[in-house]
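# Fold and geometry: a report
Listed below are the residues making up each chain.
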Amino acid sequence: MTGVPASAAGGSGTKPVRGGKLGSAAVNQASLWNIANLLTMLRLALVPGFVMLLLHNGGYDPAWRSVAWAAFAIAMITDLFDGHIARTYNLVTDFGKIADPIADKAIMGAALICLSYLGDLPWWVTGVILFREIGITLMRFWVIRHAVIPASRGGKMKTLAQGTAAGMYVLALTGPLATLRFWVMAVAVVLTVVTGLDYVRQAVVLRRKGLAAERAAAAEAAGDSGVSAVPGAAALSGAAESGAFGAAEGAGPVSGASGARGSAEAER
């Protein structure tokens, strides 16, 4: 017991409910070193280790490739949990927003490039997948100020197919399993292209809607400023007219007095 209230010590004064979601106060207190970001960092750290394991002894040692597969599997599993944990427990940070997609592309890109380098996977497959992944990531940034492109069910299926196919190619499979991995990769490529085109369509539609909304807001703001300017101009005009009318009234008696005085002097 320190005698210091929990609120003064930086706490909220209440015990967190086990299994409950953190409140909005936790959003401001979410630090870089939370569990979601640690999983993302682990996935990033696994990338160079995975490459060394896969290419060890020329890249054709079944034992080392099995170890490389284990590292790849761990990386893909962390990809399933870090984003979910961050959203569920309000642990979203700027680091996580940037590092999570980079880690996703890094581990998949490393696997595909290494497999193509070893001759296990055609280079055109690697090129198609990487072109799609990098292009969609850049497109998300292109439309991010207008809207966020949500992850679709097809996109999730694509990620699952890519991970499964790449994992099967990392393993030194032979026979029917080697044939099966070919078809799994074919499905992954098809889903990659189809979902990529769908994301492009969504991005164009969202950007058009965003630009239209911005133009409508600008026109409304211009109309409001014009309406507010009209009463001000009318007030200034009325004030000018009142001043002129008052000056004319004030000048009338003075002119009359001056004229009467002139007439009297002429008669004199």
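For every chain, the first residue of the written sequence is number 1, and numbering continues from 1 along that sequence. Two thresholds apply to this predicted model, a pLDDT of at least 70 for residue-level local features and 80 or more for giving and counting side-chain atom pairs, whereas whole-chain, interface and lining totals are computed over all residues. Hydrogens are left out, water is left out, and the side-chain values use all remaining heavy atoms of the structure.

Attention now goes to the environment of Ile-107. With respect to the helices and strands, Ile-107 occurs in helix H4 (residues 94-117). On the accessibility criterion, Ile-107 (1% relative accessible area) is buried. A sequence separation of 63 residues divides Ile-107 from Leu-44, and the C-alpha atoms of the two residues are 7.5 Å apart. With residues near it in sequence (within four places) discarded, Ile-107 still touches Val-47, Phe-50, Phe-72, Ala-75 and Met-76. The way it works is that DSSP assigns letters per residue, a run of H or I at least four long becomes a helix, a run of E at least two long becomes a strand, and they are numbered from the N terminus. Relative accessibility under 20% of the residue-type maximum defines a buried residue, over 50% an exposed one, and the middle range a partly exposed one, all with a 1.4 Å probe and only protein chains included. Note on contacts: a residue pair qualifies if any of its non-hydrogen atoms lie within 4.5 Å across the two residues.

This brings us to the confidence of the model for the chain. For the chain, mean pLDDT is 77; residues scoring 70 or higher make up 72% of the total. Confidence, expressed as mean pLDDT per element, reaches its minimum in the chain at helix H1 (residues 24-29) with 42 and its maximum at helix H2 (residues 35-55) with 93. A residue's pLDDT is simply how confident the predictor is in it, with values from 0 to 100. Here residues 1-29 is a poorly scored stretch, pLDDT under 50, and it has 15 contacts once near neighbours within four places are set aside; other chains count. The low-confidence segment residues 244-268 (pLDDT under 50) makes zero contacts with residues lying over four places distant or belonging to another chain.

Turning our attention to the side chain of Glu-133. Residue placement: Glu-133 occurs in helix H5 (residues 123-143). With a relative accessible area of 8%, Glu-133 lands in the buried category. Residues in contact with Glu-133, not counting those within four places in the same chain, are Lys-105, Lys-158 and Gln-162.

Okay, the packing of H4 against H5 next. Helix axes are fitted only over the stretch in contact, all axes being lines through C-alpha atoms; the angle between N-to-C directions runs from 0 to 180 degrees. Running from N to C, H4 and H5 cross one another at 160 degrees; their axes reach a closest spacing of 9 Å. When the axes of H4 and H5 are compared, the pair comes out roughly antiparallel. Between H4 and H5 the crossing geometry is left-handed. Residues Lys-105, Gly-109, Leu-112, Ile-113, Ser-116 and Tyr-117 of H4 touch H5, and the partners they reach there are Trp-123, Thr-126, Ile-129, Leu-130, Glu-133 and Thr-137. Residue polarity is assigned by list, with Asp, Glu, Lys and Arg as charged and Ala, Val, Leu, Ile, Met, Phe, Trp, Tyr, Cys and Pro as nonpolar; anything else, Gly included, falls into the polar class. Here the residues of the contact of H4 with H5 sort into six nonpolar, four polar and two charged. Here roughly perpendicular refers to angles of 65 to 115 degrees, roughly parallel to angles under 35, roughly antiparallel to angles over 145, and oblique to all remaining angles. Crossing handedness is read from the near helix: turned anticlockwise from the far helix by less than a right angle, it gives a left-handed crossing, and turned clockwise, a right-handed one.

This part is about the side chain of Asp-82. As for its position among the elements, Asp-82 is in helix H3 (residues 62-88). Side-chain polar atoms of Asp-82 contact the side chain of Thr-40, separated by 2.9 Å. Contacts of Asp-82, omitting those with residues within four sequence positions, involve Ala-36, Leu-39, Thr-40, Arg-43 and Asp-100. For this analysis, a polar contact is any N or O atom pair within 3.5 Å, provided that within protein one partner can donate a hydrogen and the other can accept it, and provided that sequence-adjacent residues contribute only side-chain to side-chain pairs.

Below, the discussion takes up the packing of H2 against H4. Relative to each other, H2 and H4 sit at 15 degrees, their axes nearing to 9 Å. One element, H2, and the other, H4, form an angle in the roughly parallel class. Here H2 runs over H4; the crossing is left-handed.

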